[in-house]
Structure formats: C-alpha cells, structure tokens
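Per-entry structural report
This is what each chain is made of:
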Amino acid sequence: MPSWSGSSSRGFGQRTPDHALPGDQPKWPRDRAVDVRHIALDLQLDIPAKTVRGTATHTVAPMNDGTRFVDFDAVDMRISAVTAGGSPVPFDNDGRRVRVDLGSGRAKGEPVDVAITYEAKPRLGLYFIAPDDGYPDKPVQVWSQCQDEDTRYWIPCYDYPNQKQTSELRVVVPGSWFALSNGTLVEETANPDGTKTFHWKQERPHATYLLTLAAGEFSRIDASRDGLTIDYFVEPKDVEAGERTFANTPEMIAEFERITGTAFPWAKYSQVVVRDFVFGGMENTSATSMTENILMDAKAARDFTSDPLVSHELAHMWFGDLLTCRDWSHGWLNESFATYFEVLWYEHKLGADEMSQYVLETVDDYLGERYRRSIVNNVYHEPIDIFDRHLYEKGAMVLHTLRGVLGDDGFFRSVQRYVREHQDRNVVTQDLVDAIEAETGRNLEWFFDQWVYRPGHPEFKVSWSWDDDAKLASVSVKQSQDTGKDVAVFRVPVTIDFRTGRGKPQAFRVEVTEKEHTFVFPLAAKPDLCRFDPYHWVLKELEFEKSPGELRLQLRDDDDVTGRILAAKSLGKKGGPEAVDALETAVMKDRFWGVQAAAAKALGEIQGQAARDALLRSLAVRHPKARRAVVAALGAFEGDELVLTALVPFSRRDQSWFVESEANRSIGKLRLPGSFDAIVANFDRPSFRQVVRVGCIDGLVELRDERGIAPVLRAAGYGEPFQARTTAVAALGKFAKRFDQRKPDLCDRFVQLTHDPDFRVRIAAANALKAVDDATYAGALDAMAARELDGRGVRTAREAAIALRKGAKTDDEVKALRDDLEKLRQENTKLKDRLEKLEATRPA
C-alpha cells in the first residue's frame, strides 16, 4: 500500500462509474519472491516465421530464506529446457507463466542463474513488420514495444515495474541489418552464414518493460557531444527528415540536465523510427522508439514541430527510466513529468508566450476527457486503461499548479532533490511529497489530496466591482464544480491583481478555501483591469464576468497572452460592432499567433456580415497558425458563396499543409452546391501525415451530402494511406447516423473492420458502431473485446458495447445485463487460458 499519510480512504482513487467498467477491480503492487539482478538474452529471429527463439538467463537472489519456486511471466511460449546454476531443474508451463523449481530451498540473497530456453511467436511485445498486398513498399523490420506488461510475450521474465535489473542482449539478424538495444554496443560480429550478431549491454538497472530491440535497414545520423553518443536511426530515404525532426535533441538533453540537476543517466541516447509503431514513442532506456509520423517535411516544419514528442520521450530518461513508478497506479510520476517537460522545453526554446499557449492547450486536452477520476487510481482492467488525459495532461498541469504554489526556486529545488534521492529506485507519490517537504519545509499533503488523490478541478465564477467612496475593489469568487463523487472544494492560493492606466499591476496573494469568497482590496483609484490568476498557474475553468470595455482593454494591453486569449473568447460571446473591430485588430496586429487565432475564432462565433468581412480581410495574416484559425472561422458562414470563393484557393495551395486541410474542412461546413467538387479535387493529394485528406474527409462529413460516402469508404480501406483511415472510419459512422438507408451496409463494414490488421482502425470501427447507437451490434463488440490483445482495443469495445445496451435498456436492466456479460466474459477468458495452456505445452 502507498505510504500516503493523509485521509486513509484516499490512498487510491475512488471507483467512479464514469471510469471503472463492470468487472474492473483494484490492482495492488505485486510481490517479489526473488530480486532479479541481471537478464542476459541470447536470441535468434526467424523473420519469415515471425518467431523468436533463444535463452533468457536471469540472475536472481531470493528475498527470503527457503525460497524454492520462482515464477516467470511467459505467454504462449514453448519451453524446451530450464537450468538453475547450470543444472536442469523441473518446471511447469501453463501458457501464462513458467514456475521453476530450484530444488532445495535457497537462502535469502544467494544468487543463482536461471536459464530458460524457449521459442515464441509473439502476439504482442515483439512485432515483425513486412510488406503485404495492401502496403507492398513497407520494409521488413522487427521491433519491440513492452510497456506496460508485454515483455512476457517475447521474453520469459518478471514483467512488472517494481523490479529493476541490468541487462544484455545478443541477437542474430540479417547481414544488411542493424540491431539497436539498451546500453552500450559491446560487439558487432559478422557470421559465416552472412548474418550478424549484435551484443548490447545495459549496466544500470532498469525495469523489464524498458527492454528494447529494433532491427532493420537503417541509416545512422550522428549528433554526439563530448562524453555522450547521440544518434538517430531512420530508413535511408528519411535521412533529411530525420535530421530536421531530431535537430533539437542535444540542446534538450543539456536543458533537462540543468532542470533535473542530474547528468543524462544512460550510456547513450538513440532514437529510432520504425514502421507501424503502436504508440507515438516509447522511452526504452537509452534507445527511444518513434512512430514514422514524427518525421517532418520542410513544409510541415513551417508551422509544426515534433519537439513535444521528442522532449516527452527524452524526459522519460529521468522520469520513468531512472525513477520508475512502483506500480501503474502511480504512473503519473512517469507520464505527467514527461508531459510537463514538454512545457518546460517550450518555455526554454520558444519563450513565455509559447509556453502559456501550450499550457492552455494541455488544459483543454484534459478538459476534453469524457470522465473525471483521481490521478492515482488502481481500479482498472488493464494498465493501459489509466494511460489517459489524467495520467498525462492533468498531472502535468497539477505540476504546473504546484510550481505556482512553490515558486520557481522551491519547485525546481524540490524536483532536483526528488531525482537525486530516488534515482535507480521505484517511486510512489509520497516520495515526491516528502522531497518537497524536506527541501522547502512545506507540507503539501493537502495539495496532493485534492489534486492527485481525488477527481476534478476547480470551476471558478469570478466578478469584481468598485466602491468609489470607500476606494475598495471587491472580487467575488465562487467554486461552481459539482462536489459529488469525492470532488473537493479546492484550497487554491492564487494571485489577484489590478492595473490602472499603463502602470505596474498591484498584486495581492489570496487563498481560496470556500465555495464562495469575497475579497476586498483598498486601492488609490478605480483600476481599469482586474485579473484573476494572471499567467494561468492554476488548473481551472474560469468564467470572469467583465464589461465589454474592460475586455477590449485586456485584449489590447494585457502582457499575459492567456489574459488576451480569454478576453477574445469573452468578446466573441458578447458580440457587437466594437467587439468585431477589436477582434479584427487583434487578428492582424497582436504580436502572438495564439491571440490572433483566438480572436479569429471569436469572430466566427459572432457571425454576421461585419465579422465575415473582418475574417475575409484577415486572410492576409502572415503567421500560418493564425491564418489556419481564420480559415477555420470562415466555416461558420454556411451558405456564403463569397466565403467559398475566398477559401477554394487556400484549399488547393498554401505555405501550410494545415491551412489547406482547414480550408477543405470549412468548405464542407459552407454546404454549398460547389463544396463537393471543391473538396473531392483535393482528396487524393499527398500531404504530411495525410492532413489534407483528413480535412477533406471532415469536410465531406460537414457537407452532409450522401455522395461523400463513396470517397470516404475508399479511404477507410486497407492499403489506403494509413494516417487517414481512422478518420475515414469515424466519418462513416457519422454518415450512417445521418443516412438511414446506408446504415445497414455501413454497419456491416464496421463489423468487418473490427478484424482489420491495424488496431487503430479496429478501435475506430468500435467507436463508429457506438456512434450509430444500435444495440444490434453490441454482440460484435463483445466478440471484439474477447479477441483483442491490445488493451486500448479491449476497453474501447467494452465501453461501446455497454453504451449500446444502455441506450436500449433501463438502468436496472443494464446493470443486470452488465453483470451477466461480465461473468460470461470471465468464463470465456478462463476457457481461452485453458486452451492456450494446452497449446503452449504441446510438444514441438
């Protein structure tokens, strides 16, 4: 259990029905019978057969005297031999684990080498990539992805994060290949049969899920600095894009060393780009794997950067790799820190305005999550279930809020102490709490109780008034969030400031602790501007009632981009000629693109001819991100031929791929006779990440024209550019909802797509069936959940099936049906496990 010393009922997250699904149970940290000190892997790849075979030798030491049996996770493996200390020993293989009998009980701390010789055809963990009829140009590659608990599919091991060990890997690959793994390359040997053997050794302990292998034909880009090898591996055709994409890596490493106070902790830092990767990136110690989507062309680099993903995975070298969560319920200590380091990189590289914009976007991502749960939460079906907007974005913004409470000096000193004292160890949230107290003297258990161990966030409604006789400003602050389901009335230290003319703001630090507060401040004269939490340190939702005049002043003069953005949004809701003029001025003249974009969006919300004309003039704005927002806002003017005429050239060609994409999306929203042909003309034009096709698909959905089904149906097919397939499937779900006569055929197609080779397409198909809202298809989703291996697919199918049945049943019927189905699912799983055991133990 965690060493959390606050309210004992909040040691773990509550089982809120919005997140936990039927059958989900608390998951507690795993016991360790032995301490695994080293793993040595000697492997051969049978690439045509998609098989790995070899020996995994574990140096283990019992945790207690008399230890006789040791269990290793091993899914669907054929075990041919096991030795302990070099001598054969009995073992039992049930298809999920191998239990090794060490013979007589071993003494505590007495090391012994346990060698398991095996063969596996992994369904997860190790992926064999090859060309096929749909994608004949795909290269042959082999790569691993072990997080969270998939190492067990290709290596017999102790597969849980609360164990760290050193490792080494020898692997035989084709002679033209390179094989990347953890640590230092000890030796590369050319074999007489034309193959090569690569021997890698990782001498600093790490968790099993961080083991890696990436093998294929790669070109190496060297970016090393004195004392540290830094390199990037890409396909030969992608060298230029690789150099462009990873260019900031050395500077990032230096900056993160400065922030953490700890030198880069691993022997090297490699990044390898592989095909069909199942995540954006994976922070294997010293060797990060990356999706091919990370690679930027020159045009994309004008208004897009892969730095957030690069910085996120790099930050994991400290948070996740050097310090590793003890169990997945505390996984925010890995992911939230890595996500916040994206913010810190923006602050360092691009400045305070870009950092503030990134914070706003991160908050919006969290607020878009469809449920609320505590960040620390041990109730799930599979660990991947909690790798959500709470574990990443909310946790990152809690760290930002924490920084606002402690101040920069206290925050960064605490982070450095936390890293320094816990490196090479497993951590829980209390370790961070203790590090803060030890470094700053501040006990922040109240902070972590409300932000980390309980769900939700404060929703503030703020207004202010002036008493001219008393020379007092009164600020009313209300917390409007629903405090059911364990959501707190938050205790929030916050700044309120006032400005008169162009003078320096007069700031007051207050603490919100109640549902309603009124704060009174004596001032020399009536201020022009009042700000609540300037510079946006607190994770929150905020409604601040202000006069149009104050909002226009704030939009023009606030030095905080967050304040100017919020003023633009508020003016968009109020409308009026003066608001239109102020917003157009902001679009064209504000010094930061984020404010320009917010002002453009606000003009779209106001609508009317004056706002339309302002946006048409604003198409001349120079920054591509601002221009993208103008193009998007023009989509609000349905039926306007003048707007269509203006947008068509942008849909065909712009300096930005994203402007082109947005133009096609907006053309669809106009719903004009010429919209269909304008969009279809751009449908097959190649672009970075297929963003133009994605915009075209969205545009066809917005157009609500049945003719759009045919091109979108084609785009969803296997063999089409993969980046747009999931968008196409989601779009077909919307078409099925709108056109009843097409619904049966489209739903049959969705059922077929739940078997697609691409798990992302399977997930999109499940969500499309959910969107159609027809309980007839719940059985197909049950079947998908039963056969899926990827936890994301399992959860999506389960959620979709529940939603369909809930739409057709009363709440009591739904509850009973959920329970019955969960029992059937568990019985089915047991039967599958028995069959897998029989298959796995059958003689080769």
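Small disclaimer: the values here were computed from a predicted structure and weren't measured. (Residues numbered from 1 in each chain as written. Predicted model: local features only at pLDDT ≥ 70, side-chain atom pairs only at ≥ 80, totals over all residues. Heavy atoms only, no water.)

**Re the overall build of the chain**
Assigned secondary structure in the chain consists of 25 helices and 31 strands. Over its C-alpha trace the chain gives a radius of gyration of 29 Å, about what one expects of a compact globule, namely 28 Å for 844 residues. Scored against the burial criterion, the 844 residues of the chain give a buried share of 58%. Looking at the chain alone, contacts between residues at least 24 apart form 69% of all its contacts between residues at least 6 apart. Accessible area for the chain stands at about 33100 Å²; split by element, carbon and sulfur atoms hold 48% of it. Computing the positive centroid from 113 side-chain charges and the negative centroid from 131, the chain places the two 2 Å apart. (Helix = DSSP H or I, 4+ residues; strand = E, 2+ residues; numbered from the N terminus. Rg over C-alpha atoms; globule rule 2.2 N^0.38 Å. Buried < 20%, exposed > 50% of the residue type's maximum accessible area, 1.4 Å probe, protein only. Contact = heavy atoms within 4.5 Å. Areas by Shrake-Rupley, 256 points an atom, 1.4 Å probe, with all protein chains shown as cover. Lys, Arg positive; Asp, Glu negative; His and termini not counted. Charge placed at Lys NZ, Arg CZ, Asp CG, Glu CD.)

**A look at helix H3 (residues 307–315)**
Counting buried residues in H3 gives 8 out of 9 residues, a clear majority hidden from the surface. Residues of H3 that are buried: Asp307, Pro308, Val310, Ser311, His312, Glu313, Leu314 and Ala315.

**Focus: the sheet that holds strand E29 (residues 516–522)**
One open sheet holds the 4 strands; their spatial order is E29-E26-E25-E31, and the pairing between them is mixed. With partners counted over all chains shown, the strands left at the sheet margins are E29 and strand E31 (541–545), one partner each. When strand polarity is set aside, the average angle formed by the axes of neighbouring strands in this sheet is 20°. Strand direction decides the pairing type here: strand E25 (residues 459–467) and E31, joined by 5 bridges, are parallel. Each bridged residue has a counterpart across the sheet, and for Val462 the counterpart in E31 is Phe544. (Pairing = 2+ DSSP bridges. Axes fitted to C-alpha atoms, helices over the stretch in contact; angles between N-to-C directions.)

**Let's talk about the packing of aromatic side chains**
How two aromatic rings sit relative to each other is set out by the distance from centre to centre and by the angle between their planes. Within the structure shown, the criterion is met by 35 aromatic pairs. The interplanar angle of 75° and the centroid separation of 6.3 Å between the aromatic rings of Phe256 and Trp318 together place this pair among those described as edge-to-face. Placement of Phe256 in helix H2 (residues 249–260) and of Trp318 in the loop between H3 and strand E22 (323–325) is noted, with a sequence separation of 62 residues between them. Classification of Phe256 by relative accessible area gives buried; the value is 0%. Given a relative accessible area of 0%, Trp318 falls into the buried group. An aromatic cluster is built from Phe256, Phe264, Tyr269, Trp318, Phe319, Phe337, Phe341 and Tyr418, whose rings are joined through pairwise contacts. A cation over an aromatic ring shows up here: Arg204 above the ring of Trp266, its NZ or CZ 6.0 Å from the ring centre. (Phe/Tyr/Trp six-rings, centres within 6.5 Å; stacked < 30°, edge-to-face > 60°. Lys NZ or Arg CZ within 6 Å of the ring centre and 35° of its normal.)

**Some points on the environment of Lys669**
The topology assignment puts Lys669 in helix H16 (residues 657–670). Residue classification places Lys669 among the partly exposed positions, given a relative accessible area of 25%. Along the chain, Lys669 and Arg725 lie 56 residues apart, while their C-alpha atoms are 21 Å from each other.

**Things to note about the sheet that holds strand E7 (residues 91–93)**
Either a parallel or an antiparallel arrangement is found when strands of a sheet pair, and the pairing is made through backbone hydrogen bonds. Judged by pairing direction, the sheet is antiparallel, and its 3 strands sit side by side in the order E4-E8-E7 without closing on themselves. Each of the sheet's edge strands pairs with one partner strand only, and the pair in question is strand E4 (67–73) and E7. Each adjacent strand pair in this sheet contributes to an overall mean axis angle of 15°, direction not counted. In terms of strand pairing, E7 meets strand E8 (residues 97–106) through 3 bridges, oriented antiparallel. Bridged to Asn93 within E8 is Val98.

**Re the packing of helix H12 (residues 593–606) against helix H13 (residues 608–618)**
Running from N to C, H12 and H13 cross one another at 150°; their axes reach a closest spacing of 8 Å. Classified by the interaxial angle, the pair formed by H12 and H13 is roughly antiparallel. Crossing of H12 over H13 shows left-handed handedness. Note on element contacts: H13 touches H12 through Gly608, Ala611, Ala614 and Leu615, opposite Ala600, Leu603, Gly604 and Ile606. When grouped by side-chain class, the residues that make up the contact of H12 with H13 number 6 nonpolar, 2 polar and no charged. (Parallel < 35°, antiparallel > 145°, perpendicular 65-115°, else oblique. Left-handed = near helix turned anticlockwise from the far one by under 90°. Nonpolar A, V, L, I, M, F, W, Y, C, P; charged D, E, K, R; others polar.)

**Comments concerning the pattern of salt bridges**
The tally for this structure, following the rule as stated, stands at 77 salt bridges. For the salt bridge of Arg37 with Asp35, the shortest nitrogen-to-oxygen distance reads 3.6 Å. Several salt bridges share partner residues, and in doing so they unite Arg30, Asp73, Glu149, Arg152 and Asp159 into one network. (Salt bridge = Lys/Arg side-chain N within 4 Å of Asp/Glu carboxyl O.)

**Looking at the state of the cysteines**
Summed over the entire model, instances satisfying the criterion amount to 0 disulfides. Sulfur of Cys325: no disulfide; nearest cysteine sulfur belongs to Cys146 and is 15 Å away. (Disulfide = S-S within 2.5 Å.)

**Thoughts on helix H21 (residues 743–753)**
Among all positions of H21, only Leu746, Cys747, Phe750 and Leu753 are buried. Down the axis, H21 shows its buried residues gathered within 115° of arc, on one side only. Close packing links the buried residues of H21 with helix H19 (709–715), helix H20 (722–738) and helix H22 (759–772). (Arc of directions from axis to C-beta.)

**Regarding the nonpolar core**
Counting 166 residues, the largest nonpolar core has Leu45, Trp332, Tyr418 and Phe448 as the members making the most contacts within it. Core analysis: the next-biggest nonpolar cluster, separate from the first, contains 95 residues, Phe592, Leu603, Val694 and Leu753 among them. (Core = buried A, V, L, I, M, F, W, Y, C linked by side-chain atoms within 4.5 Å.)

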